[in-house]
Amino acid sequence: MEIQYQHSIGSNADLPVPRTPFKLADQPTFTFNSPVGLCCDQFKRVWLADTGNNRIVILSPDMTRVVKVYGEPGKKPGQFNMPFRLLHHPEKPWIYISDLANRRVQIVQYSRNLTLSTIKVFGDSGEAHLPLQGPNGLTFCDGKLCVADEFFVNAEGGGRVAIFTENGDFISDIQSIQGATDPGLLWPQGISSDNDGNLYIANTGFYNIVRCDLSGKGVPFAATGTPEIDDLELSRDVSVINNILYVPGGSANHINRYSLDGEALLPLGEFFAPIQVVAHPKSNQHIIVSEPILATVGRYLALDNAPMAVPEYVSGPARNNPGQLYFVTSAITEAIRKPVSPAQQSVTEQRGFTPLPVYNPFKPVEWFFDSVNAWSQNWNRLAGMVFNNRFAPTSRIKNTREDAWLLDSANRQVKRANISEPYTAAEAESLFPLIPGALGVEAFHSPVAIPGQLAPGTALFLVSNYLSGFISVLQYNPYLDDLVHFSFFGGHGSQPWQLNKPQGMAVNDATGDIYIADSGNHRIAHWRISKNGIIGFINTYGEHGCGNGQFSCPSDVSLDHKGNVYVADQMNNRIQVLNSNGEYRYQFGQQGYGTDNDNFLLPTSIQVTRQYLVVNDLVNRSLKVFTHTGQYLSSFSGLGATPNTGQLWMPYLLHATNACDKNTNIGNADHTNDGHTDGESKLIVPDCATNQAHIYTL
């Protein structure tokens, strides 16, 4: 038994790149895909690591034009697999690029007219030191190149910072910080330095910033008395700009700022999920920020006494081109009838509806008025159809295959795609879009007809909203060939009947029981939908902690044919199993690196099939297969973004085609409605960073 990659849904390839230079505003088909790294060259041009597209994009100083595109997927010099961070040499026309999934660093030399050549590749071999395992952040300190080696693991389970000459010759490494409260390094991602020869390391696994010299000796901050700045929400990066520390994501939706003494300054908002900050050559008060989830990079005015960074220009057209996905987080499979004709027309084209604009967080007022206008036109269109008696169902045939239904979160749509066709495009199925924050999707198949359902016998779609705490229930509308509102429940809060950051869900079709990973409240929420379609609260199970039946940010749930509840207890790095009443039964797994064992590092999603249990082990970038009792069997692993390989970057809520959570009798061998044999499953794994959904067979 093994997992084999089949194909992917969602296109990351742009149309042929226009002849450079070109204005971004004139090329909406040219989009970024999870851009991360930033730097500026000697001619004030902005270099961007377009990580998900495995290329480097060079922008004009005002960031309105693309002046050069360099690189493609591959392993040769000048080719990349997740180019992550960028660093300019202090004096020479060299750009250092951490080629993360290729486990190496490349040096690219450039000229004024942007003649580019890769002059050195290093870090992926050598007997004098262990090769780099996950080169991430880059900085120069006292003439030496320092690399945050994120996935390096020493005998104590810690990471390191590797130190090289400017030409890539290994010198030494730092594996612990002398004098630190916790001397180890864990998942060090970002790194920076000051003029005094101090290193600042974004020690992501410990949620802090640590300061040391090149020998690893801790340099205490005056404000903390230790070499650490602690209690950060995230520490994905750190930058020293004008003697101020910038920590993107240090608090939610903000860039935290600190003096070099460690004193907290006014943080900068409002961002979504910033990952890197660099100085813009325009002035000392301007910064450049990359936002991978939004697929944008922006230039901001950041004043010392201002609580917000003022966006002056944000580059990156929205990823809403045909076939593209934009922060895809969850998937299910369903067989729902489809139109006979016209085959190539969307519901918007068939019915003459006005498409709604893609949400732009930098222009919320403009988006709001455009949305209201589009909604008004669509409702007027519907009213006219009803008044003129032209509101009839499209002629339909039964769809005998299962389609993949994907939650395209940033585009706020549920999209449908053929699960069996390689590289198929996903088409929008929600004319009236979801509110921002939609994250998980699950289906309920009622054993009886539900009053008020427009298409009896079809599934109800449950969509969890991470931001609002509501669970929306959508139904299929055969008149529009669309998903429309049916009901909702929950709401943000910590009361038993409320939800805080809900993620994955599981539904028992036979009983109507709904189990929700209520991650912000560190518990499992239990609701039930009746045969009349009424949804009621039942109970909650668990509390914050690491004991039996306690949870720390549970992210997903799944059910077996006996009604047992399997929970991805994410921050506790384990799987817990409860009975249908929420009583603890057993657990398995423990914190640790490894792609072929029962160690976990942030297990994000879980799915029970008739025979197996599949876990998405996020940090280990591994899909692991177990028996129902927790015995490890096999895995599929591989960090990367190389097309057509099934490599994983940020896999999220997975789905299996013959999952056990659809009916208490689904374990019976004679259940064949899904078209798959008892010994075969298809796995759909949405990767919200590469913006694809990968299909595997189990």
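For clarity, every value in this text was computed on a predicted model and none was experimentally measured.

Calculation rules
Residues numbered from 1 in each chain as written. Predicted model: local features only at pLDDT ≥ 70, side-chain atom pairs only at ≥ 80, totals over all residues. Heavy atoms only, no water. Helix = DSSP H or I, 4+ residues; strand = E, 2+ residues; numbered from the N terminus. Buried < 20%, exposed > 50% of the residue type's maximum accessible area, 1.4 Å probe, protein only. Salt bridge = Lys/Arg side-chain N within 4 Å of Asp/Glu carboxyl O. Pairing = 2+ DSSP bridges. Phe/Tyr/Trp six-rings, centres within 6.5 Å; stacked < 30°, edge-to-face > 60°. Polar contact = N/O pair within 3.5 Å; in protein donor to acceptor, adjacent residues only side chain to side chain. Contact = heavy atoms within 4.5 Å. Axes fitted to C-alpha atoms, helices over the stretch in contact; angles between N-to-C directions. pLDDT = per-residue confidence, 0-100. Lys, Arg positive; Asp, Glu negative; His and termini not counted.

### Remarks on the environment of glutamine 611
- In this fold, glutamine 611 is placed in the loop between β46 (603–608) and β47 (613–617).
- A residue is classified by how much of its surface remains accessible, and glutamine 611, at 39% relative accessible area, is partly exposed.
- In sequence terms glutamine 611 and glutamate 680 are 69 residues apart; their C-alpha atoms lie 9.2 Å from each other.

### Overview of unusual backbone geometry
- Along the chain, threonine 20 connects to proline 21 via a cis peptide bond; the corresponding omega equals -5 degrees.
- Within the element layout of this structure, proline 21 appears in the loop between β1 (4–9) and β2 (22–23).
- The amide bond that connects glycine 269 to the next residue, glutamate 270, takes the cis arrangement and shows omega of -10 degrees.
- In this structure, glutamate 270 sits in the loop between β21 (255–259) and β22 (276–279).
- Not every positive phi belongs to a glycine, and leucine 114 is a case in point at roughly 65 degrees.
- Structurally, the position occupied by leucine 114 is in the loop between β9 (104–109) and β10 (117–122).
- Positive phi is not limited to glycine here, since phenylalanine 327 has a value of about 60 degrees.
- Structurally, phenylalanine 327 is set in the loop between β25 (310–315) and β26 (328–334).
- With relative accessibility at 15%, the residue phenylalanine 327 sits in the buried group.

### Things to note about the pattern of salt bridges
- Going through the model one piece at a time under the given rule, you end up with 14 salt bridges.
- A salt bridge links arginine 85 to aspartate 237; its shortest N-O distance comes to 3.6 Å. With arginine 85 in strand β7 (residues 83–88) and aspartate 237 in the loop between β18 (228–229) and β19 (239–241), the pair connects residues that are 152 residues apart, well separated along the chain. Like arginine 85, the residue aspartate 237 is buried in the burial classification.
- The network of salt bridges with shared partners includes Asp149, Arg160 and Asp173.

### Details of the sheet that holds β18
- Read across the sheet, four strands follow the order β15-β16-β17-β18 without closing on themselves; strand pairing throughout is antiparallel. Edge positions in the open sheet fall to β15 (188–193) and β18, since each of these has one partner strand only.
- Sheet analysis places strand β17 (residues 208–212) next to β18, joined by two bridges and oriented antiparallel. Residue pairing across strands places valine 210 opposite glutamate 228, the latter belonging to β18.

### A few points about the packing of aromatic side chains
- Using the criterion set out here, one finds 20 aromatic pairs in the structure.
- Measuring from ring centre to ring centre gives 5.1 Å for tryptophan 405 and phenylalanine 461, while their planes differ by 55 degrees; the resulting arrangement is tilted. One end of the pair, tryptophan 405, is in strand β29 (residues 403–408); the other, phenylalanine 461, is in strand β33 (residues 460–465), and 56 residues separate them in sequence.
- According to the relative accessible area criterion, phenylalanine 461 is buried, its value standing at 0%.
- Each member of the aromatic cluster is reached from another via a ring pair, and the members are Phe588, Phe600, Phe626 and Tyr632.

### Focus: the side chain of glutamine 570
- Within the element layout of this structure, glutamine 570 appears in the loop between β41 (565–569) and β42 (574–578).
- Only 3.0 Å separates the side chain of glutamine 570 from the side chain of threonine 604, close enough to count as a polar contact.
- Apart from the residues lying within four places of it in its own chain, the contact partners of glutamine 570 are Ser552, Cys553, Pro554, Ser555, Leu602, Pro603 and Thr604.

### Some details on the sheet that holds β9
- The strand order across the open sheet formed by four strands is β7-β8-β9-β10, and the pairing between neighbours is antiparallel. In this open sheet, the two edge strands, each paired with only one partner strand, are β7 and β10. Pairwise comparison of adjacent strand axes, ignoring direction, gives a mean angle of 25 degrees for this sheet.

### What to know about the pairing of strand β30 (residues 413–418)
- For β30, the tally of buried residues reaches six of six residues, placing the bulk of the element in the interior.
- The side-chain alternation of β30 yields two buried faces, one formed by Gln413, Lys415 and Ala417 and the other by Val414, Arg416 and Asn418.
- Relative to β30, β29 runs antiparallel, the two sharing six bridges. Residue pairing in the sheet places leucine 407 in a bridge with valine 414 of β30.
- Linking β29 to β30, which pair antiparallel, is a turn of four residues; within it arginine 412 sits at a positive phi near 55 degrees.
- For β30 and strand β31 (residues 427–428), the ladder comprises two bridges, and the chain directions are antiparallel. The partner of lysine 415 across the bridge, within β31, is alanine 428.

### Quick word on the confidence of the model for the chain
- Looking at the chain as a whole, the pLDDT averages 88, with 86% of positions reaching at least 70.
- Predicted confidence is poor over residues 386–400, with pLDDT under 50, and the contacts of this stretch with residues over four places away or in other chains come to 37 contacts.

### As for the side chain of arginine 621
- Within the secondary structure, arginine 621 sits in the loop between β47 and β48 (622–626).
- Look at arginine 621: it is buried, it has no salt bridge, and the nearest opposite charge is glutamate 150 at 5.2 Å.
- When near neighbours in sequence (up to four residues on either side) are disregarded, arginine 621 contacts Phe151, Phe636, Ser637, Gly638, Leu639, Leu648, Trp649 and Met650.

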